[in-house]
Number of protein chains: 2
Amino acid sequence: MATQTRLVEVRQKVLKQNDVVARAMRQRFHEAGVYVVSLVSSPGSGKTMLLEKTLSLVREAGHRVSALVGDLATDNDAQRLARSGAPVRQITTGTVCHLEADMVEKALDGWNLAELDFLFVENVGNLVCPASYDLGEDLRLVLFSVTEGEDKPLKYPTIFNTADLAVVTKIELAEAVGFDREAAYRNIRAVRPGMEILEVSAKSGQGMEAWGQFLLARRDRSR
Amino acid sequence: MATQTRLVEVRQKVLKQNDVVARAMRQRFHEAGVYVVSLVSSPGSGKTMLLEKTLSLVREAGHRVSALVGDLATDNDAQRLARSGAPVRQITTGTVCHLEADMVEKALDGWNLAELDFLFVENVGNLVCPASYDLGEDLRLVLFSVTEGEDKPLKYPTIFNTADLAVVTKIELAEAVGFDREAAYRNIRAVRPGMEILEVSAKSGQGMEAWGQFLLARRDRSR
């Protein structure tokens, strides 16, 4: 259909434009010495809770940190995250199902990036659309909670492919839901061979120390 | 930006085109006497498991039933659903994050709708994009599992607004995750006042009988 073809063409232009902005942002982040981490997942996989604990953890380790949070509506998450004491800004996307590089750029307006060690960007909860948009980040996490089903990597392969690290969340519920760890790992690595996987419970604290160490080591290595 | 404006225009055309197809499908479903139910939710909220049990339940009540399942990749869900004995077809969307009416139309090719009492359509797991696409269904369920967080209706208002019924799933985990029922109901009805809500556990069977009765009564009323 003509309209569909035209939609694909226009969409490719938007994606190309996004890549240009993302590349410029990555350069800017690098020059400012800020390490940028983005989080993608389904709604309700625990991005905000993990981020809340991570902000505290990184601040306690003596680093300067801030966060941007994307949502269709409400600034609930920004309010939650601000409790950590870190500067937080909300990006309200309206009906847009993902963040784009220029939304991140606009949200950073007025912040001096050179005064930051870490910047976290929480995407809209969606396992499909965010996959196509580079945000200029250094590290992209895909979160995947034990309650979602071990088959998700096979069903949403692109998002796992474009991420650098898989974080299995809500691990405190693993037993209650009969989480099949072996199948989950096999499915993640079927989609992205050799992908690094961490397990955390932001609720019980399990795995959070290892996650913090991973993060600090990654930043050190990038400098 | 010019490209963005053009994207919005082309997208509106696609949506309008979808509405035309959906209206024709609704007419066709009605004439054939088949009651069409669609399911939307996040990935991992339990659409396939609820549908698997529902197909068996409706078949056991003497009705003729079939299902279409949308996924980006894999036909795992179609295989799971086929175990119920009902005819099932997979719609593989590739990178498209939602079903559209013409995908449903094509997938029905060769099926005699007059031989069906119920047709179920499981959308791609996504709380954003499916909201914009009418599939010609009689009843749209939005599923929402107790593990996702009570705030989801406020954060994804459009999908709750376009649905006819909210189904709270995985209710067997309510206690383990500290599900706040009152907050969840309040948030659902803040977005869609008076919305009907059912609670089910496809795993333990809790609430499944009430759900089955609801479904049969709705079909009777539509005829």
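Values in this document were obtained by computation on a predicted structure and should not be read as measured data. (Residues numbered from 1 in each chain as written. Chains lettered and ligands numbered in written order. Predicted model: local features only at pLDDT ≥ 70, side-chain atom pairs only at ≥ 80, totals over all residues. Heavy atoms only, no water.)

All names here are of chain A. Across the sheet, which stays open at both edges, the 7 strands sit in the order β3-β2-β4-β1-β5-β6-β7 with parallel pairing between neighbours. Single-partner strands in this sheet number two, and they are β3 (88–92) and β7 (196–199). Between one strand and the next, the sheet's axes are offset by a mean angle of 20°, whatever the strand orientation. Pairing of strand β2 (residues 65–71) with strand β4 (residues 118–122) involves 5 bridges; the strand directions are parallel. (Pairing = 2+ DSSP bridges. Helix = DSSP H or I, 4+ residues; strand = E, 2+ residues; numbered from the N terminus. Axes fitted to C-alpha atoms, helices over the stretch in contact; angles between N-to-C directions.)

What follows covers the environment of Gly-205 of chain A. All names here are of chain A. Structurally, Gly-205 is set in the loop between β7 and α9 (208–222). Judged by its relative accessible area of 34%, Gly-205 falls in the partly exposed class. Residues Gly-205 and Leu-50, spaced 155 residues apart in sequence, show a C-alpha to C-alpha distance of 9.8 Å. (Buried < 20%, exposed > 50% of the residue type's maximum accessible area, 1.4 Å probe, protein only.)

Residue and element names in this part refer to chain A. Between its first and last C-alpha atoms helix α2 (residues 47–60) spans 20 Å; for 14 residues at 1.5 Å apiece the expected length is 20 Å, and the two agree. Listed in full, the buried residues belonging to α2 are Lys-47, Thr-48, Leu-50, Leu-51, Glu-52, Thr-54, Leu-55 and Val-58. Directly beyond the C-terminal end of α2, a positive phi value near 90° is found at Gly-62. (Expected span 1.5 Å × (residues − 1).)

This brings us to the interface of chain B and chain A. Counting residues at the interface gives 43 residues for chain B and 43 residues for chain A. Both sides of the chain B and chain A interface together cover about 3600 Å² of buried area, and 58% of this is carbon and sulfur. Taking the shortest distance from any N to any O, the salt bridge between Lys-155 of chain A and Asp-71 of chain B comes out at 3.7 Å. Between chain B and chain A we count 7 residue pairs in polar contact (both at pLDDT 80 or more) in total. Looking at the side of chain B that touches chain A residue by residue, the classes come out as 18 nonpolar, 12 polar and 13 charged. (Contact = heavy atoms within 4.5 Å. Buried area = accessible area lost by both parts, 1.4 Å probe. Salt bridge = Lys/Arg side-chain N within 4 Å of Asp/Glu carboxyl O. Polar contact = N/O pair within 3.5 Å; in protein donor to acceptor, adjacent residues only side chain to side chain. Nonpolar A, V, L, I, M, F, W, Y, C, P; charged D, E, K, R; others polar.)

In sheet architecture, strand pairing relies on hydrogen bonds along the backbone and comes in two forms, parallel and antiparallel. Residues and elements named next belong to chain B. Across the sheet, 7 strands lie side by side as β3-β2-β4-β1-β5-β6-β7; this open sheet has parallel pairing. The sheet is open, and its two borders are formed by β3 (88–92) and β7 (196–199), each paired with just one other strand. Here the average twist between neighbouring strands, direction ignored, is 20°. Sheet topology note: the strand β2 (residues 65–71)/β3 ladder contains 5 bridges and is parallel. Paired with Val-69 across the two strands is Gln-90, which belongs to β3. In this fold helix α2 (residues 47–60) packs onto β1 (35–40), β2, β4 (118–122), β5 (139–145) and β6 (165–169), with an angle of close to 175° to the strand it touches most, β4.

Right, let's get into the relation of the copies chain B and chain A. With an RMSD of 0.0 Å, the fit of chain B onto chain A corresponds to turning through 180° and sliding 0.0 Å along the axis. The transformation just described matches what one would write down for a two-fold rotation axis. Interface overlap between copies: 100% of the residues of chain B at the interface are likewise at the interface in chain A, consistent with a symmetric, same-surface contact. (Least-squares fit on C-alpha atoms with pLDDT ≥ 70 in both.)

Turning next to the pattern of salt bridges. By the definition in use, this model includes 28 salt bridges over all chains. One salt bridge in this structure joins Arg-26 of chain A and Asp-134 of chain A, with 2.8 Å as the shortest N-O distance. In this pair, Arg-26 of chain A sits in helix α1 (residues 2–32) while Asp-134 of chain A sits in the loop between β4 and β5 (139–145), placing the two residues 108 residues apart along the sequence. Ionic pairing is found between Asp-117 of chain B and Arg-219 of chain B, a salt bridge with its closest N-O pair at 3.4 Å. Residue Asp-117 of chain B is located in the loop between α4 (101–107) and β4, and its partner Arg-219 of chain B is located in helix α9 (residues 208–222); the two are separated by 102 residues in the primary sequence. Arg-219 of chain B carries the same exposure label as Asp-117 of chain B, and that label is buried. Connected through shared salt-bridge partners, Asp-71 and Asp-77 of chain A together with Asp-151, Lys-152 and Lys-155 of chain B make up one network.

This part is about unusual backbone geometry. Residues and elements named next belong to chain B. Unusually for a residue other than glycine, Thr-74 sits at a positive phi of about 70°. Within the secondary structure, Thr-74 is located in the loop between β2 and α3 (76–82). Its relative accessible area of 25% is what places Thr-74 among the partly exposed residues.

On to the nonpolar core, then. Ranked by internal contacts, the top residues of the largest apolar core, which has 55 residues, are Val-142, Val-146 and Ile-159 of chain A together with Val-142, Val-146 and Ile-159 of chain B. It is helix α8 (residues 181–191) of chain A that provides the largest number of residues to this core, a total of 4 residues. Discounting chain neighbours no more than four positions away, the residues touching Val-146 of chain B are Val-168, Thr-169, Lys-170, Ile-171, Leu-173, Ala-174, Val-177 and Phe-179 of chain B. (Core = buried A, V, L, I, M, F, W, Y, C linked by side-chain atoms within 4.5 Å.)

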